[in-house]
Amino acid sequence: MIYATMLASLLFGSHVSALTLKETKIVKDWNEAMDKANAGVKKACNKDIKAVMDQKTWLKDIPKYMAESQSMTHSCEGTMEAIATLCADADAKAAITKKISAVKCYGGAKDKELKFEMKGTTVEVTVGSWGFYDSKAKEWLENNL
């Protein structure tokens, strides 16, 4: 339990006293998923574009996602898969490597809501439920880069 408390403090700040074992596993799983997604984009695009989960907004959604047996990483993974897929095209790869340095994924949106926004060189994804993230992300990227 001490490890979980330390992990929660490091990941989420002092407002969280401890994660349950289930929450600790979820956080570990999402970090592993982000590492894998980041590696896929680096290989496809030859650029280190990092995806991160906004832990404050996702921490609030853990009970919802646990109750619905949903993965909390789908929005980030789908966006990173779309970026990696687009990098197969030389023009898209040039635009991506020039215009994107990071992807940040937020929870806390309304149900069935999925929003994309470009803030500087960061693509921000806000999600309220799961769906076809990779196709929606690909379409948004093609229309906004």
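Being a predicted model, the structure only gives us computed values, none of them experimental.

1. A few points about the overall build of the chain
Along the chain, the regular secondary structure elements total six helices and four strands. Written out in order from the N terminus, the α and β elements of the chain read α-α-β-α-α-α-β-β-β-α. Taking as baseline every contact in the chain between residues at least 6 positions apart, the subset at least 24 positions apart corresponds to 53%. Entry remark: accessible area of the chain is about 8,100 Å², with carbon and sulfur atoms responsible for 54%.

2. With respect to the state of the cysteines
Taken as a whole and judged by the stated rule, the model has two disulfides. A sulfur-sulfur distance of 1.9 Å marks the disulfide that ties cysteine 45 to cysteine 87. Between cysteine 45 and cysteine 87 the disulfide shows an S-S torsion of about 105°. By sign, it is right-handed. Of this pair, cysteine 45 sits in helix H2 (residues 21–45) while cysteine 87 sits in the loop between helix H4 (74–86) and helix H5 (90–99), placing them 42 residues apart in sequence. Here cysteine 76 is linked by a disulfide to cysteine 105, with a sulfur-sulfur distance of 1.9 Å.

3. Here we look at the confidence of the model for the chain
For the chain, the average pLDDT comes to 80, and 74% of its residues sit at 70 or higher. Mean pLDDT across the secondary structure elements of the chain bottoms out at helix H1 (residues 2–12), with 44, and peaks at H5, with 97. In this model residues 1–16 is a low-confidence stretch, pLDDT under 50, and it forms 21 contacts with partners more than four residues away in sequence or in other chains.

The rules behind the values
- Residues numbered from 1 in each chain as written.
- Predicted model: local features only at pLDDT ≥ 70, side-chain atom pairs only at ≥ 80, totals over all residues.
- Heavy atoms only, no water.
- Helix = DSSP H or I, 4+ residues; strand = E, 2+ residues; numbered from the N terminus.
- Contact = heavy atoms within 4.5 Å.
- Areas by Shrake-Rupley, 256 points an atom, 1.4 Å probe, with all protein chains shown as cover.
- Disulfide = S-S within 2.5 Å.
- pLDDT = per-residue confidence, 0-100.

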